[in-house]
Amino acid sequence: MNLSAAFLAAAAVLIASAPSMAQVVAPPDPDPMPAPLHAPNGRWAAKGWADRIVLSPAADAARGAGVAWRTDTRQPTAEAQIAEEIDGPLLGFTARTLTGITAPIENENGQALYHQVRFDGLKPDTRYVYRVRAADGWSEWLPFRTARAEFAPFRFIYLGDTQNDILEIGSRVIRSAFKEAGPAALVVHAGDLVAQREVKVHDDEWGEWTEAGGRAFAMTPQLPATGNHEYVDHVLPNGEESRVLGPHWALQFALPDNGAEGVKATSYFVDYQGVRFIVLDGTAALDLGGLEVQTRWLDATLASSPARWNVALFHQPIYTCARPQDTEELKAAWKPIFDARNIDLVLQGHDHCYGRVSNPAGAEASRADSAAGRPQGPVYVVSVTGSKMYGLNDRADTQPVRAAENTELYQLIDVEADRLSFRAFTATGQLYDAFTLARGADGRNRLTESDQSLLALRRCDGAAGPDGRPCTAEIKD
């Protein structure tokens, strides 16, 4: 019996013998050639051309942006060129050459340099092209558009944890999101972009993540939040175990420098065309003493927001879909501010399942509020992009309006003057969840569930997954 046949036979025994509702962890799909811990032949080593090019917005996305990229050590300085885009080929004719900062990194893939350049003083609602320099020449010209100075409708993509099997499995969801989104203005990532500390070499994982998005990450601004896996283990001088931010984060993203004091590398906000995106660091808050400063900063940032809509982005969810307990420290500190400041959406990751809580009292209360036209919000969402899956907790049938396990998803959010339209799609592009928040004359949001046909609930049944294959959702306890 070959490996595949043996696996299928074992899986059949597991499914047949398991109690109908007792979930077990099934083996992953068989792979006769498992991925190496470190990719061979220097696949992810720095070369003489620019790679890992990622575009980020400035705090004022109408007037600025930043770009980060990597080269080998023969390119000692950060140099980029930018020009307004034209319809003809002479893109560099009036280009400005800008310089930035360069920092070294050394790991299993050898020595390399990361570079960052910030594009300031840009015109709102304008198409630009830019390119970055490496020892063997300039990159191709990469186009992007600045935001409008005033409100205008737009669409953005929301992605949960990618983390494991980034290029093998997670990349198809990222690429499907870009394909289906059409003209997406930006992308928000809810942390754990990579796994760090688990299976593969860290630098290989960052190579996979940037390749998963490809040049789309270089042409569409990326707003990432840190997850716990962006941190690495660290032993303090007294022998206690702690964690520090991994070396790649500050090098890979040219993010705004407007976050909470002491947490500026991983907290920031961006104003984009009438929406304020507020990015927080749950790991620093929970484990590294960064809760109080971020709480004060969050309140001030919301209080001063000129935006029509406010969206919070962080990793550890307030209301969990997989874990036995909610994230009580964050709930106690941040939920009162979300409520008082009438934040609209809270986008999260960490749980490796899907869950949407529109009213903390539960799905029944949320539907009753919708039917009666009563205000709701903020809406809390947890989602997952990559291959790692967790089973739903015992509240999943009553608290979230919609939940899923063993399911990879991407989300598209359409922003209009008086409404936000949210749609969650499975990896194959099937609509799984959808709702609209409509702003009333009183400034509060009313939530309307979609009347579109949604995919049936995706749940494991014992050892059987929702795709006719074994369930791989790990139960958290």
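About the criteria used
- Residues numbered from 1 in each chain as written.
- Predicted model: local features only at pLDDT ≥ 70, side-chain atom pairs only at ≥ 80, totals over all residues.
- Heavy atoms only, no water.
- Helix = DSSP H or I, 4+ residues; strand = E, 2+ residues; numbered from the N terminus.
- Polar contact = N/O pair within 3.5 Å; in protein donor to acceptor, adjacent residues only side chain to side chain.
- Contact = heavy atoms within 4.5 Å.
- 1 Å grid on protein atoms, 1.4 Å probe; cavity = no way out; pocket = protein on both sides within 12 Å on 5 of 7 lines; lining within 4 Å.
- Points joined across faces, edges and corners; volume = space filled by probe spheres on them.
- Nonpolar A, V, L, I, M, F, W, Y, C, P; charged D, E, K, R; others polar.
- Disulfide = S-S within 2.5 Å.
- Buried < 20%, exposed > 50% of the residue type's maximum accessible area, 1.4 Å probe, protein only.
- Pairing = 2+ DSSP bridges.
- Axes fitted to C-alpha atoms, helices over the stretch in contact; angles between N-to-C directions.

Draft legend 1. Spatial organisation of the side chain of glutamine 294. Take glutamine 294: it is sitting in helix H7 (residues 291-303). Of note is the side chain of glutamine 294, whose polar atom sits 3.1 Å from the backbone oxygen of glycine 290. Glutamine 294 has contacts with Ala260, Val263, Ser267, Leu280, Asp281, Ala284, Ala285 and Trp334, leaving out every residue within four places of it along the chain.

Draft legend 2. Quick look at the layout of surface pockets. Empty space within the second largest pocket amounts to approximately 420 Å³. Lining the second largest pocket are 19 residues; nearest its centre among them are Arg145, Pro183, Ala184, Ala185 and Tyr272. Of the residues forming the lining of the second largest pocket, the biggest block, 3 residues, is contributed by strand E9 (residues 142-145). Taken together, the residues of the lining of the second largest pocket break down into 10 nonpolar, 4 polar and 5 charged.

Draft legend 3. Spatial organisation of the state of the cysteines. In the structure shown here, the tally under the stated rule is 2 disulfides. At a sulfur-sulfur separation of 2.0 Å, the disulfide partner of cysteine 321 is cysteine 353. Given an S-S torsion of about 100°, the disulfide between cysteine 321 and cysteine 353 has right-handed geometry. Here cysteine 321, found in the loop between strand E17 (309-313) and helix H8 (328-340), pairs with cysteine 353, found in the loop between strand E18 (345-348) and strand E19 (354-357); they are 32 residues apart in sequence, far enough to count as distant. Judged by its relative accessible area of 3%, cysteine 321 is buried. Judged by relative accessible area, which is 1%, cysteine 353 ranks as buried. The partner cysteine of cysteine 460 in its disulfide is cysteine 471, sulfur to sulfur 2.1 Å. Looking down the S-S bond of the cysteine 460 and cysteine 471 bridge, the torsion is 85°, so its handedness is right-handed. Residue cysteine 460 is found in the segment after strand E25 (445-449), and its partner cysteine 471 is found in the segment after E25; the two are separated by 11 residues along the sequence.

Draft legend 4. Structural context of the sheet that holds strand E12 (residues 222-224). With mixed pairing, the 7 strands of this open sheet are ordered in space as E12-E11-E10-E22-E23-E24-E25. The strands lining the two open edges of the sheet, one partner per strand, are E12 and E25. Across the sheet, the axes of successive neighbouring strands diverge by a mean angle of 20°, strand direction being ignored. Here 7 bridges tie strand E23 (residues 419-426) to strand E24 (residues 431-439), and the two strands are oriented antiparallel to one another. Bridging across to E24, arginine 419 finds its partner in alanine 438. Its contacts with the sheet put helix H2 (residues 166-181) on strand E10 (154-159), strand E11 (186-189), E12 and strand E22 (409-415), and the angle it makes with E22 is roughly 30°.

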